[in-house]
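Examination of the molecular architecture
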Amino acid sequence: MMMGPGRCAAALAMCWLTLAGTSAPPPPPSDTLEDAVLAEINFVRTHPRDYADDLRRYRDLFDGRVVHLPGDPVGEMTNEGTDAVDEAIDFLDRQAPLPALEPGALLARAARGFADEQGASGYTGHRSADGEMPGDRVKRLGGGIFVGETISYGYDDPVAVVRQLIIDDGLPGRGHRALIFSPGSLYAGVGCGVHPRNRFLCVIDYSASPDGGPNLPKFVAARR
(Lines give C-alpha, C1' and ligand atoms only; values in the text may rest on other atoms or scores of the structure.)
Protein backbone atom coordinates (compact mmCIF):
# COMPACT_ATOMS: atom_id res chain seq x y z
CA MET A 1 0.00 0.00 0.00
CA MET A 2 1.28 3.47 -0.78
CA MET A 3 0.69 6.63 1.20
CA GLY A 4 2.24 10.08 1.12
CA PRO A 5 3.71 11.55 4.31
CA GLY A 6 1.17 12.13 7.03
CA ARG A 7 -1.63 10.39 5.19
CA CYS A 8 -1.48 7.32 7.43
CA ALA A 9 -4.31 7.18 9.96
CA ALA A 10 -2.56 6.73 13.31
CA ALA A 11 -5.19 4.35 14.63
CA LEU A 12 -5.04 2.04 11.60
CA ALA A 13 -2.54 -0.78 11.97
CA MET A 14 -2.53 -1.46 8.23
CA CYS A 15 -0.55 1.72 7.61
CA TRP A 16 3.04 0.49 7.44
CA LEU A 17 4.68 2.12 4.45
CA THR A 18 5.30 5.85 3.94
CA LEU A 19 6.67 7.25 0.72
CA ALA A 20 8.62 10.47 0.44
CA GLY A 21 8.40 12.98 -2.32
CA THR A 22 4.97 14.62 -2.01
CA SER A 23 4.76 18.24 -1.00
CA ALA A 24 1.12 18.25 0.08
CA PRO A 25 0.35 19.01 3.73
CA PRO A 26 -1.05 16.06 5.69
CA PRO A 27 -4.75 15.86 6.56
CA PRO A 28 -5.75 15.70 10.23
CA PRO A 29 -5.37 12.34 11.99
CA SER A 30 -8.22 9.86 11.57
CA ASP A 31 -9.62 7.57 14.24
CA THR A 32 -11.75 5.28 12.07
CA LEU A 33 -11.61 3.70 8.64
CA GLU A 34 -14.49 5.96 7.57
CA ASP A 35 -12.55 9.06 8.64
CA ALA A 36 -9.45 7.79 6.84
CA VAL A 37 -11.36 7.14 3.60
CA LEU A 38 -12.79 10.67 3.63
CA ALA A 39 -9.33 12.09 4.37
CA GLU A 40 -7.87 10.15 1.43
CA ILE A 41 -10.64 11.37 -0.90
CA ASN A 42 -9.93 14.91 0.22
CA PHE A 43 -6.22 14.49 -0.45
CA VAL A 44 -7.05 13.36 -3.99
CA ARG A 45 -9.47 16.26 -4.55
CA THR A 46 -7.18 18.95 -3.19
CA HIS A 47 -3.88 17.59 -4.58
CA PRO A 48 -4.68 15.64 -7.77
CA ARG A 49 -1.20 16.03 -9.26
CA ASP A 50 0.48 14.75 -6.11
CA TYR A 51 -1.85 11.78 -6.19
CA ALA A 52 -0.86 11.19 -9.82
CA ASP A 53 2.71 10.78 -8.56
CA ASP A 54 1.45 8.17 -6.08
CA LEU A 55 -0.14 6.28 -8.98
CA ARG A 56 3.10 6.42 -10.94
CA ARG A 57 4.81 4.57 -8.10
CA TYR A 58 1.87 2.15 -7.93
CA ARG A 59 2.23 1.54 -11.68
CA ASP A 60 5.78 0.29 -11.17
CA LEU A 61 4.39 -2.66 -9.20
CA PHE A 62 2.68 -4.21 -12.25
CA ASP A 63 3.75 -7.31 -14.11
CA GLY A 64 1.40 -7.47 -17.05
CA ARG A 65 -2.11 -7.27 -15.61
CA VAL A 66 -1.00 -8.43 -12.15
CA VAL A 67 -0.07 -5.88 -9.50
CA HIS A 68 2.25 -6.99 -6.68
CA LEU A 69 1.85 -4.81 -3.61
CA PRO A 70 4.58 -4.99 -0.95
CA GLY A 71 4.19 -8.15 1.11
CA ASP A 72 1.90 -9.82 -1.46
CA PRO A 73 3.86 -12.53 -3.34
CA VAL A 74 0.79 -13.74 -5.26
CA GLY A 75 -0.38 -10.41 -6.63
CA GLU A 76 -3.80 -9.19 -7.70
CA MET A 77 -5.20 -9.62 -11.19
CA THR A 78 -6.67 -6.49 -12.78
CA ASN A 79 -8.87 -6.10 -15.84
CA GLU A 80 -6.93 -3.46 -17.75
CA GLY A 81 -3.46 -3.59 -16.25
CA THR A 82 -1.46 -0.38 -16.53
CA ASP A 83 -3.77 1.07 -19.20
CA ALA A 84 -6.33 2.09 -16.59
CA VAL A 85 -3.60 3.46 -14.31
CA ASP A 86 -2.10 5.50 -17.15
CA GLU A 87 -5.53 6.90 -18.01
CA ALA A 88 -6.09 7.89 -14.38
CA ILE A 89 -2.67 9.55 -14.19
CA ASP A 90 -3.42 11.56 -17.34
CA PHE A 91 -6.75 12.63 -15.87
CA LEU A 92 -5.17 13.69 -12.56
CA ASP A 93 -2.38 15.63 -14.25
CA ARG A 94 -5.05 17.75 -15.98
CA GLN A 95 -7.47 17.99 -13.05
CA ALA A 96 -7.66 21.30 -11.18
CA PRO A 97 -7.73 21.06 -7.38
CA LEU A 98 -11.18 21.07 -5.77
CA PRO A 99 -12.22 21.97 -2.23
CA ALA A 100 -12.19 19.23 0.39
CA LEU A 101 -15.51 17.54 1.12
CA GLU A 102 -17.10 18.39 4.44
CA PRO A 103 -18.48 15.50 6.51
CA GLY A 104 -22.25 15.09 6.38
CA ALA A 105 -23.67 13.29 9.40
CA LEU A 106 -26.91 12.26 7.69
CA LEU A 107 -25.04 11.07 4.62
CA ALA A 108 -22.79 8.99 6.88
CA ARG A 109 -25.82 7.44 8.61
CA ALA A 110 -27.25 6.41 5.24
CA ALA A 111 -23.90 5.04 4.06
CA ARG A 112 -23.37 3.02 7.24
CA GLY A 113 -26.89 1.69 7.12
CA PHE A 114 -26.43 0.47 3.57
CA ALA A 115 -23.01 -1.01 4.39
CA ASP A 116 -24.64 -2.92 7.25
CA GLU A 117 -27.44 -4.12 4.95
CA GLN A 118 -25.06 -5.44 2.31
CA GLY A 119 -22.83 -6.90 5.00
CA ALA A 120 -25.78 -8.98 6.15
CA SER A 121 -27.18 -9.86 2.71
CA GLY A 122 -24.02 -10.25 0.65
CA TYR A 123 -25.59 -8.22 -2.15
CA THR A 124 -23.67 -5.68 -4.23
CA GLY A 125 -24.72 -2.59 -6.17
CA HIS A 126 -26.59 0.55 -5.23
CA ARG A 127 -30.16 -0.74 -4.90
CA SER A 128 -31.43 -1.84 -1.50
CA ALA A 129 -33.34 -5.07 -1.12
CA ASP A 130 -36.56 -3.02 -0.94
CA GLY A 131 -35.71 -1.16 -4.14
CA GLU A 132 -34.42 2.05 -2.57
CA MET A 133 -31.62 4.00 -4.23
CA PRO A 134 -29.12 6.31 -2.44
CA GLY A 135 -31.39 9.35 -2.46
CA ASP A 136 -34.30 7.28 -1.14
CA ARG A 137 -32.20 6.04 1.77
CA VAL A 138 -31.15 9.56 2.75
CA LYS A 139 -34.72 10.83 2.37
CA ARG A 140 -35.97 8.06 4.68
CA LEU A 141 -33.64 9.45 7.34
CA GLY A 142 -35.08 12.95 6.97
CA GLY A 143 -32.88 14.37 4.22
CA GLY A 144 -33.23 14.97 0.50
CA ILE A 145 -32.84 12.88 -2.62
CA PHE A 146 -29.92 14.74 -4.25
CA VAL A 147 -27.27 12.12 -3.48
CA GLY A 148 -24.59 10.29 -5.45
CA GLU A 149 -22.89 7.12 -4.26
CA THR A 150 -19.71 5.14 -4.80
CA ILE A 151 -19.01 1.73 -3.28
CA SER A 152 -15.64 0.01 -2.95
CA TYR A 153 -15.54 -3.75 -2.39
CA GLY A 154 -12.64 -5.83 -1.16
CA TYR A 155 -10.47 -3.49 0.91
CA ASP A 156 -10.20 -2.27 4.50
CA ASP A 157 -7.28 0.04 3.68
CA PRO A 158 -8.28 3.66 2.90
CA VAL A 159 -5.57 4.03 0.27
CA ALA A 160 -6.72 0.90 -1.59
CA VAL A 161 -10.39 1.90 -1.26
CA VAL A 162 -9.88 5.28 -2.89
CA ARG A 163 -7.35 4.02 -5.42
CA GLN A 164 -9.91 1.47 -6.63
CA LEU A 165 -12.48 4.22 -7.14
CA ILE A 166 -10.04 6.58 -8.85
CA ILE A 167 -8.62 4.03 -11.31
CA ASP A 168 -12.05 2.45 -11.93
CA ASP A 169 -10.43 -0.61 -13.50
CA GLY A 170 -12.80 -2.40 -15.85
CA LEU A 171 -15.42 0.39 -15.83
CA PRO A 172 -14.97 2.40 -19.05
CA GLY A 173 -17.21 5.26 -17.93
CA ARG A 174 -15.02 5.90 -14.83
CA GLY A 175 -18.20 6.97 -13.03
CA HIS A 176 -16.76 6.55 -9.53
CA ARG A 177 -13.89 8.89 -10.32
CA ALA A 178 -16.24 11.40 -11.92
CA LEU A 179 -18.36 11.53 -8.78
CA ILE A 180 -15.33 12.02 -6.53
CA PHE A 181 -14.23 14.95 -8.71
CA SER A 182 -17.67 16.45 -9.25
CA PRO A 183 -17.50 20.16 -8.37
CA GLY A 184 -21.08 19.84 -7.19
CA SER A 185 -20.06 17.41 -4.45
CA LEU A 186 -19.44 19.45 -1.30
CA TYR A 187 -20.28 16.95 1.47
CA ALA A 188 -19.79 13.23 1.96
CA GLY A 189 -20.54 10.48 4.44
CA VAL A 190 -18.74 7.15 4.63
CA GLY A 191 -19.83 3.79 6.00
CA CYS A 192 -17.62 0.68 5.94
CA GLY A 193 -18.05 -2.89 7.07
CA VAL A 194 -17.46 -6.58 6.44
CA HIS A 195 -18.91 -8.20 3.33
CA PRO A 196 -19.50 -11.98 3.17
CA ARG A 197 -18.48 -12.37 -0.47
CA ASN A 198 -16.03 -9.50 -1.01
CA ARG A 199 -14.46 -9.34 2.47
CA PHE A 200 -15.02 -5.60 2.99
CA LEU A 201 -16.99 -2.70 1.59
CA CYS A 202 -17.03 1.07 1.94
CA VAL A 203 -20.06 3.11 0.89
CA ILE A 204 -19.55 6.83 0.21
CA ASP A 205 -22.56 9.11 -0.26
CA TYR A 206 -22.00 12.58 -1.78
CA SER A 207 -24.19 15.65 -2.00
CA ALA A 208 -24.10 19.42 -2.46
CA SER A 209 -25.60 19.75 1.03
CA PRO A 210 -24.99 17.96 4.34
CA ASP A 211 -28.39 16.23 4.24
CA GLY A 212 -28.95 15.54 0.56
CA GLY A 213 -31.13 18.57 0.02
CA PRO A 214 -30.72 20.90 -2.96
CA ASN A 215 -27.94 23.47 -2.68
CA LEU A 216 -30.08 26.53 -3.32
CA PRO A 217 -28.73 30.07 -3.65
CA LYS A 218 -28.99 31.90 -0.33
CA PHE A 219 -31.60 34.37 -1.55
CA VAL A 220 -33.81 31.49 -2.74
CA ALA A 221 -33.37 29.50 0.47
CA ALA A 222 -34.28 32.57 2.54
CA ARG A 223 -37.65 32.86 0.79
CA ARG A 224 -38.65 29.24 1.41
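First things first, this report covers the structure right here in the doc. All values derive from a computational prediction rather than experimental measurement.

What counts and how
- Residues numbered from 1 in each chain as written.
- Predicted model: local features only at pLDDT ≥ 70, side-chain atom pairs only at ≥ 80, totals over all residues.
- Heavy atoms only, no water.
- Helix = DSSP H or I, 4+ residues; strand = E, 2+ residues; numbered from the N terminus.
- Buried < 20%, exposed > 50% of the residue type's maximum accessible area, 1.4 Å probe, protein only.
- Contact = heavy atoms within 4.5 Å.
- Areas by Shrake-Rupley, 256 points an atom, 1.4 Å probe, with all protein chains shown as cover.
- Disulfide = S-S within 2.5 Å.
- 1 Å grid on protein atoms, 1.4 Å probe; cavity = no way out; pocket = protein on both sides within 12 Å on 5 of 7 lines; lining within 4 Å.
- Points joined across faces, edges and corners; volume = space filled by probe spheres on them.
- Nonpolar A, V, L, I, M, F, W, Y, C, P; charged D, E, K, R; others polar.
- Pairing = 2+ DSSP bridges.
- Axes fitted to C-alpha atoms, helices over the stretch in contact; angles between N-to-C directions.
- Polar contact = N/O pair within 3.5 Å; in protein donor to acceptor, adjacent residues only side chain to side chain.

Re the overall build of the chain
- A count of helices and strands for the chain gives eight helices and seven strands.
- By residue count, 48% of the 224 residues in the chain fall in the buried class.
- Counted over contacts in the chain with a minimum sequence separation of 6, partners at least 24 positions apart contribute 64%.
- Carbon together with sulfur atoms contributes 56% to the accessible area of the chain, which is approximately 10600 Å² in total.

Here we look at the state of the cysteines
- Here the structure, examined in full by the defined rule, presents one disulfide.
- Residue C192 pairs covalently with C202 via a disulfide, S to S 2.1 Å. Taking the sign of the S-S torsion, 110° for the link of C192 and C202, the bridge is right-handed. On the criterion of sequence distance, the pair formed by C192 in strand β6 (residues 187–195) and C202 in strand β7 (residues 199–207) is long-range, its members being ten residues apart.
- Among the residues examined, C192 registers a relative accessible area of 14% and is labelled buried.
- Of the residues examined, C202 reaches a relative accessible area of 0% and is grouped as buried.

Here we look at the side chain of S185
- Among the secondary structure elements, S185 is positioned in the loop between α7 (175–180) and β6.
- Owing to a relative accessible area of 4%, S185 belongs among the buried residues under this scheme.
- Apart from the residues lying within four places of it in its own chain, the contact partners of S185 are R45, L101, L179, Y206 and S207.

Quick notes on the layout of surface pockets
- There is about 580 Å³ of room inside the largest pocket.
- Broken down by secondary-structure element, the contributors of at least two residues to the lining of the largest pocket are β3 (76–77), α3 (82–94), β5 (148–153) and α6 (158–167).
- Among the elements that make up the lining of the largest pocket, the one with the highest residue count is α6 (five residues).
- Class assignment for the residues of the lining of the largest pocket results in 13 nonpolar, nine polar and five charged.

Thoughts on the sheet that holds β5
- Spatial ordering of the open sheet is given by β4-β6-β7-β5, a layout of four strands whose pairing is mixed. Where the open sheet ends on each side, the last strands, each with one partner, are β4 (102–103) and β5.
- As defined by bridge partners, β6 adjoins β7 across nine bridges and the pair is classed as antiparallel. Paired with Y187 across the two strands is S207, which belongs to β7.
- Of the strands in this sheet, β4, β6 and β7 are in contact with helix α1 (residues 33–46), which crosses β6 at around 130°.
- Set on the sheet, helix α4 (residues 105–121) makes contact with β4, β5, β6 and β7; between it and β6 the angle comes to about 20°.

Examining the environment of D90
- Tracing the sequence through the fold places D90 in helix α3.
- Owing to a relative accessible area of 41%, D90 belongs among the partly exposed residues under this scheme.
- Note: C-alpha distance between D90 and A52 (38 residues apart in sequence) is 8.0 Å.
- Reaching out from D90, the side chain makes a polar contact with the side chain of R94 at a distance of 3.1 Å.

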